[in-house]
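Structure at a glance
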Amino acid sequence: MTDLIPSLLAGLLGLGSGIFIVLSLIEKPVWRLMWAPRSAHVSDEEARKVHAVLKRVIHLLPPTMMTTMATTSILMILLLIQTDLSAAAWTAVGLFFVQLILIVARLFKDIRGVDQVPSDGEVGAVRDGLGALTLLHHRGLVMTLTTLVAVIVVQAIS
């Protein structure tokens with residue numbers, strides 16, 4: 001029974017990582033926009049194409065990820081309790097919540113930057129929104145993967 005919480009966490013963090021990996025692969029042609037939205041290395045046509053794909057999934061994925069991360073949050077607190085507030089668990093929980101807070105602070109703004117801009121609209125707005133959301137997705141991937149590793153470490157030393 002003591003393996004249940006870490007196993008559920010691993011499953012949820014694996015699901016989250018998988019979603020972020022798929023998004024990252026969809027966004028691969030426009031990765032340069034994360035750091036330079038006006039990069040000449042990404043054509044306007046490519047930016048519009050990726051933008052249009054993201055607009056198709058933008059109402060499905062955020063609720064899915066919010067549910068996944070809310071459940072993960074509850075399980076992280078239960079992990080603390082299960083490990084008798086161990087230092088390793090506190091580290092994993094702190095890592096998760098700090099990253100989650102940083103992501104949530106930008107989440108709705110970055111989603112609106114794609115959702116409220118038509119893919120065939122002003123190209124600067126398309127590129128800006130796409131670059132910001134792509135960066136947010138990469139931050140989400142880092143969050144889920146680092147937390148997954150931390151949970152595995154907590155389980156290994158507990």
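Structural data are supplied above this passage.
Let me begin by describing the structure that accompanies this report. (Residues numbered from 1 in each chain as written. Predicted model: local features only at pLDDT ≥ 70, side-chain atom pairs only at ≥ 80, totals over all residues. Heavy atoms only, no water.)

What follows deals with the overall build of the protein. On a plain count of helices and strands, the protein comes out with five helices and zero strands. Here the C-alpha coordinates of the protein stretch approximately 55 × 25 × 25 Å along the principal axes. Within the protein, residue pairs in contact and separated by at least 24 positions form 79% of the contacts whose partners lie at least 6 positions apart. Counting every atom, the protein has about 8300 Å² of accessible surface; 70% of that belongs to carbon and sulfur. Within the protein, the 11 negative side-chain charges are centred at a point lying 6 Å from the centre of the 12 positive side-chain charges. (Helix = DSSP H or I, 4+ residues; strand = E, 2+ residues; numbered from the N terminus. Contact = heavy atoms within 4.5 Å. Areas by Shrake-Rupley, 256 points an atom, 1.4 Å probe, with all protein chains shown as cover. Lys, Arg positive; Asp, Glu negative; His and termini not counted. Charge placed at Lys NZ, Arg CZ, Asp CG, Glu CD.)

Here we take up helix α3 (residues 61-82). Taking 1.5 Å as the rise per residue, α3 with 22 residues should run 32 Å; its terminal C-alpha atoms sit 31 Å apart, in good agreement. Buried within α3 we find Pro 62, Met 65, Thr 68, Met 69, Thr 72, Ser 73, Leu 75, Met 76, Leu 79 and Leu 80. Contacts from the buried residues of α3 go to α1 (4-27), α2 (44-57), α4 (87-115) and α5 (123-157). Where α3 terminates, the next one or two residues include Asp 84, which has phi positive at roughly 55°. (Expected span 1.5 Å × (residues − 1). Buried < 20%, exposed > 50% of the residue type's maximum accessible area, 1.4 Å probe, protein only.)

Tracing the backbone through its elements, the reader meets His 51 in helix α2. In this view, His 51 contacts Gly 113, Val 114, Val 117, Pro 118, Ser 119, Val 126 and Leu 130; residues no more than four positions away in its chain are not counted.

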